[in-house]
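Structural features, examined
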Amino acid sequence: MTGNLMSQDFTWATVVFEIAKLSIQAAVLVSVARLTVYWALNRYKREKNWEGQLKVYSDVIASLTALEEANNRRWEMEERHIDDPAKDADLFQVEQTARKTIDHSLPVARLLFSEKSFSILKKLKKKLDADSDSPNFVEILEDRSKILEEGIREIVKDARSSLK
């Protein structure tokens, strides 16, 4: 009888040990799974944020570059005294599209740009919208060219550091 009781105790001890072992394994498995999901989700969010930043930076830089090129073409037309209404209308359309893209990018840029880039973009937009009071159109174009060149350079520089 005592031998039978010992084997019963041994069986219960084995069962309790196995249950404890399985519980610990399950707890470790659940913890590892949660950490894996947490890390994967954070990486996904960082990548999506990076992609969003890249898109907005790209759109803004492309629009500013388009404005700069249109400005340079206008400057060239003015210097050579070329009066081409069709070319002028095309340049106006390019400028309007670029300005519209910048306007639409500002709210997203507030979220995704570094504080420095957003500040540069806001100041740049304000300067471009104000334009010069000079009666000389070439001076206005020169001012715009300097503003755009400096703004593009600063935003590209900051974008490179932000997107690393």
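Quick note: structure is the one above.
Reference entry: report on the structure contained in this document.

Rules used throughout
- Residues numbered from 1 in each chain as written.
- Predicted model: local features only at pLDDT ≥ 70, side-chain atom pairs only at ≥ 80, totals over all residues.
- Heavy atoms only, no water.
- Helix = DSSP H or I, 4+ residues; strand = E, 2+ residues; numbered from the N terminus.
- Rg over C-alpha atoms; globule rule 2.2 N^0.38 Å.
- Contact = heavy atoms within 4.5 Å.
- Areas by Shrake-Rupley, 256 points an atom, 1.4 Å probe, with all protein chains shown as cover.
- Lys, Arg positive; Asp, Glu negative; His and termini not counted.
- Charge placed at Lys NZ, Arg CZ, Asp CG, Glu CD.
- Buried < 20%, exposed > 50% of the residue type's maximum accessible area, 1.4 Å probe, protein only.
- Expected span 1.5 Å × (residues − 1).
- Salt bridge = Lys/Arg side-chain N within 4 Å of Asp/Glu carboxyl O.

A tally of regular secondary structure across the protein gives 4 helices and 0 strands. Reading the helices (α) and strands (β) of the protein from amino to carboxyl end gives α-α-α-α. Relative to the compact-globule value of 15 Å for 164 residues, the protein shows a C-alpha radius of gyration of 32 Å, a clear excess of over 25%. Principal-axis analysis of the C-alpha atoms places the extent of the protein at approximately 120 × 30 × 20 Å. Within the protein, contacts between residues at least 6 apart in sequence are counted, and of these 73% link residues at least 24 apart. Accessible area of the protein: about 11900 Å², with a carbon and sulfur share of 60%. In the protein, the 26 positive side-chain charges and the 27 negative ones have mean positions that sit 8 Å from each other.

Quick look at the environment of Trp39 now. Assignment of secondary structure puts Trp39 in helix α1 (residues 2–79). Using a relative accessible area of 55% as the deciding quantity, one classes Trp39 as exposed. Distance in space between the C-alpha atoms of Trp39 and Lys55 is 24 Å, their sequence separation being 16 residues.

Its 28 residues place the ends of helix α2 (residues 85–112) 39 Å apart at the C-alpha level, agreeing with the 40 Å of an ideal helix rising 1.5 Å per residue. Within the span of α2, buried status applies to Leu91, Glu95, Ala98, Ile102, Ser105, Leu106, Ala109 and Leu112.

In this section: the pattern of salt bridges. Scanning the model with the defined rule gives 11 salt bridges in all. The partner of Glu95 in a salt bridge is Arg144, with the nearest N and O atoms 4.0 Å apart. Of this pair, Glu95 sits in helix α2 while Arg144 sits in helix α4 (residues 137–162), placing them 49 residues apart in sequence. A relative accessible area of 12% places Arg144 in the buried class. When the shortest N-O distance is used, the salt bridge between Asp129 and Lys125 registers 2.6 Å.

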